[in-house]
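Chain and residue survey
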Amino acid sequence: MREIIFATNNQHKLEEITSITKDRINLLSLKDIGFDGDIPETSDSIEGNAIQKAAYIFDRFAKECFADDTGLEVEALNGAPGVWSARYAGENATYQDNVIKLLDALKGSTNRKARFKTVIALKNSEETITFEGIINGQIIETARGNSGFGYDPVFVPDGYYQTFAEMSSELKNTISHRALATIKLTKYLLDNLR
Ligand code: IMP
């Protein structure tokens with residue numbers, strides 16, 4: 001089975017992507033390869049950060065690797081928090097701090113349109129290739145639900161009534177931005193088996 005490193009320290013993401021790639025690709029976590037440092041994310045774009053993270057691990061372990069980066073882009077905030085989603089309320093902000101800041105920034109706004117965007121960058125000795133997944137939705141006024149992470153409690157995807165945090169992980173993992181990017185990645189990997 002093809003063995004690929006997923007360059008993330010985020011357990012939620014690892015579980016989400018493993019639930020899609022399952023028995024088709026042997027995913028190695030950073031823990032599996034014995035890496036417990038921080039991977040720099042200094043780009044000013046989501047795509048740039050994904051490429052930077054994949055290259056950082058590939059350069060050290062010389063093994064095929066992919067990394068993802070995600071941002072929440074809110075129309076009324078001109079695309080913010082975007083690439084700053086993790087640090088929206090400050091360097092050590094919790095998920096809750098970020099949600100509070102977002103709801104505050106949107107107070108009184110009737111335009112609640114937002115989208116999650118994930119870019120996955122795959123890096124091996126031959127190429128660096130990116131895969132994008134986008135899901136459109138709305139930011140509600142009061143957080144609902146306890147599942148998921150990040151901005152999940154305030155994001156309702158178009159076509160649904162529940163927030164991401166009210167959905168089962170199975171449903172979220174079928175429709176999410178990360179799922180869409182991952183489906184593209186796994187399709188590419190399976191079409192180009194080596
Ligand atoms: P990252 O840089 O890909 O780790 O994502 C940046 C930030 O976006 C995270 O810290 C979360 O706040 C948020 N985020 C990423 N993915 C999701 C998701 O699936 N649901 C809710 N928030 C997310």
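Read on for an overview of the structure.

1. Focus: helix 3 (residues 95-105)
Among the residues of helix 3, those classed as buried are Asn98, Val99, Leu102 and Leu103. The buried residues of helix 3 occupy an angular sector of 130° when projected down its axis, which confines them to one face. Of the surrounding elements, those touching the buried residues of helix 3 are strand 3 (65-74), strand 4 (81-82) and strand 6 (128-139).

2. Side note on the pairing of strand 5 (residues 113-123)
Most of strand 5 sits out of view: nine of its eleven residues are buried. Where strand 3 lies against strand 5, ten bridges are found, and the strand directions are antiparallel. If you follow Glu73 over to strand 5, its bridge partner there is Arg115. Bridge count for strand 5 against strand 6 is eleven bridges, and the pairing is antiparallel. Across the sheet, Val119 pairs through a bridge with Glu132, a residue of strand 6. Counting the residues between successive antiparallel strands, the hairpin from strand 5 to strand 6 contains four residues.

Criteria and cut-off values
- Residues numbered from 1 in each chain as written.
- Predicted model: local features only at pLDDT ≥ 70, side-chain atom pairs only at ≥ 80, totals over all residues.
- Heavy atoms only, no water.
- Buried < 20%, exposed > 50% of the residue type's maximum accessible area, 1.4 Å probe, protein only.
- Helix = DSSP H or I, 4+ residues; strand = E, 2+ residues; numbered from the N terminus.
- Arc of directions from axis to C-beta.
- Contact = heavy atoms within 4.5 Å.
- Pairing = 2+ DSSP bridges.

Keep in mind these numbers describe shape, not what the thing actually does.
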